[in-house]
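Summary of the model geometry
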Amino acid sequence: MEPVRNTNATLVDLLDRILDKGVVINADVMISVAGIPLIGVSLRAALAGMETMRQYGLMEDWDEQTRNREKWRRDKGLDTSKPYRGKSAYPR
Amino acid sequence: MSEARYIYCIANRDEEKTFGRIGLEKSPVYTIPWKEICVVVHDCVSSPYQSEDQETVRSWLVSHERVIETAWEHFGNVLPLGFDTIVKPDEENDAPENIKKWLMNDYKKLKQKFKKLEGKAEFGVQVFWYPQAIAQKLMETHQQLRNLNKEIQSKPPGMAYLYKQKLDTILRNQMEKEAQRYFEKFYKQIDEKVEEVKVEKVKKSEDEKQMIMNLSCLSPSENSKDLGDDLEKIDKKKEFSVRFTGPWPPYSFVQ
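Residues numbered from 1 in each chain as written. Chains lettered and ligands numbered in written order. Predicted model: local features only at pLDDT ≥ 70, side-chain atom pairs only at ≥ 80, totals over all residues. Heavy atoms only, no water.

1. Considerations on the overall build of chain A
The helix and strand tally for chain A stands at 3 helices and 0 strands. Counting from the amino terminus, helix and strand elements in chain A follow one another as α-α-α. Within the span of chain A, comprising 92 residues, buried residues form 39% of the whole. Within chain A, counting contacts between residues at least 6 apart in sequence, those at least 24 apart form 38% of the total. Just so you have it, chain A exposes about 5,400 Å², and 54% of that area is on carbon and sulfur atoms. (Helix = DSSP H or I, 4+ residues; strand = E, 2+ residues; numbered from the N terminus. Buried < 20%, exposed > 50% of the residue type's maximum accessible area, 1.4 Å probe, protein only. Contact = heavy atoms within 4.5 Å. Areas by Shrake-Rupley, 256 points an atom, 1.4 Å probe, with all protein chains shown as cover.)

Spelled out as structure tokens, the structure:
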């Protein structure tokens, strides 16, 4: 039996590792991540279904758009912790 | 603006290197060396990456992992950090200085971890069983359950119902015992094949399978075949199935 290691098949396994584990820095120059609940349970639950859709190419465009939009909002220093609901000021 | 540093991992070599724009949102990734080690980072603002948009977060997480994999391939031995670890400047020092201060404080500990993890990788092992198959087997082999089941057939409906409840309770207890027994058996088997085992929480699965064991295993990369052979034997039994993932950077063995 060979170990499986591709992003689509093991995304949940990846989540378990990179959200809860890894080297911990104990220093007060760390930025505390108040947003961790945002990427907790609901994301874990939703991911399996999302991967299936992505495999069939249903969300590729949306994925790309969302990523660009989030980047634009971050660059502008806007609050990315809330979903974007405004009209598209974001340049396509 | 980009005064903070997002940290992906620490590598066991003093090397100045740029990896190109492979970071979160295509950020340029590079190393900050200090003494005999270096940290792999990108420049960012002093605020965490967070979003309610799951697809955005998903792409960040995948990028985080890909950077660590790339560094792992290059350096051979890395200590991964969790998602969203960001060091910011303070009144006295800029972010790189603060990172170096942290490395200085933890240097001995970090070097020990590198030593322990040299040449090794993490593997995920999850064992599932099919509860119905197990229950059926128990009904055939467990004396008390077999007798009860036989008696139910000869009882009037009201009595049969009570007997059925009794049977269910005994079956449930026996299932728990079986899960424990198999856990111990498989654990022992796997523990002999790897260097270190961490027991993780079992998780709900959506289909008819049920997870009875969830382990993170640290093993020399070249020994994974040995482990795989053992797992295959478990996987081949009709009551069980095994999920074997890796090699992962040693996330579960660096804390």
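2. What to know about the pattern of salt bridges
A complete count under the given rule lists 22 salt bridges over all chains for this structure. Salt-bridge contacts for Lys21 of chain A lead to Glu200 of chain B; the nearest nitrogen and oxygen are separated by 2.4 Å. With Lys21 of chain A in the loop between helix H1 (7–20) and helix H2 (41–55) and Glu200 of chain B in the loop between strand S8 (196–199) and strand S9 (210–220), the pair connects residues from two separate chains. Residue Lys21 of chain A is classed as buried on the basis of its relative accessible area of 17%. (Salt bridge = Lys/Arg side-chain N within 4 Å of Asp/Glu carboxyl O.)

3. Considerations on the sheet that holds S9 of chain B
Residue and element names in this part refer to chain B. In spatial order, the strands read S8-S9-S7-S10; together these 4 strands make up an open sheet with antiparallel pairing. Looking at strand neighbours, the two that pair on one side only are S8 and strand S10 (240–248), the edges of this open sheet. For this sheet, the mean inter-axis angle between neighbouring strands, taken without regard to orientation, is 20°. (Pairing = 2+ DSSP bridges. Axes fitted to C-alpha atoms, helices over the stretch in contact; angles between N-to-C directions.)

4. Considering helix H2 (residues 95–117) of chain B
Residues and elements named next belong to chain B. Along its 23 residues, H2 runs just 28 Å from first to last C-alpha, ending more than 12% under the 33 Å computed at 1.5 Å per residue. Remark: the principal bend of H2, roughly 70°, maps to Asp106. Along H2, the positions that sit buried rather than exposed are Ala95, Pro96, Asn98, Ile99, Trp102, Leu103, Asp106, Tyr107, Leu110, Lys113, Phe114 and Leu117. N-cap assignment for H2: the residue whose side-chain oxygen lies 3.0 Å from the backbone N of Glu97 is Asp94. Two residues or fewer past H2, Gly119 is found with a positive phi of approximately 75°. (Expected span 1.5 Å × (residues − 1). Bend = angle between axes of the 7 residues up to and from the residue. Polar contact = N/O pair within 3.5 Å; in protein donor to acceptor, adjacent residues only side chain to side chain.)

5. Points about the packing of helix H3 (residues 131–141) of chain B against helix H5 (residues 157–193) of chain B
All names here are of chain B. It is at 10 Å that the axes of H3 and H5 come closest, and there the two elements cross at 110°. Viewed along their axes, H3 and H5 adopt a mutual orientation that is roughly perpendicular. Both H3 and H5 take part in a crossing whose hand is right-handed. Facing H3, whose interface residues are Pro131, Ile134, Ala135, Lys137, Leu138 and Met139, H5 presents Leu167, Leu171, Gln174, Met175, Glu178 and Tyr182. (Parallel < 35°, antiparallel > 145°, perpendicular 65-115°, else oblique. Left-handed = near helix turned anticlockwise from the far one by under 90°.)

No statement about biological role is implied by the geometric values presented.
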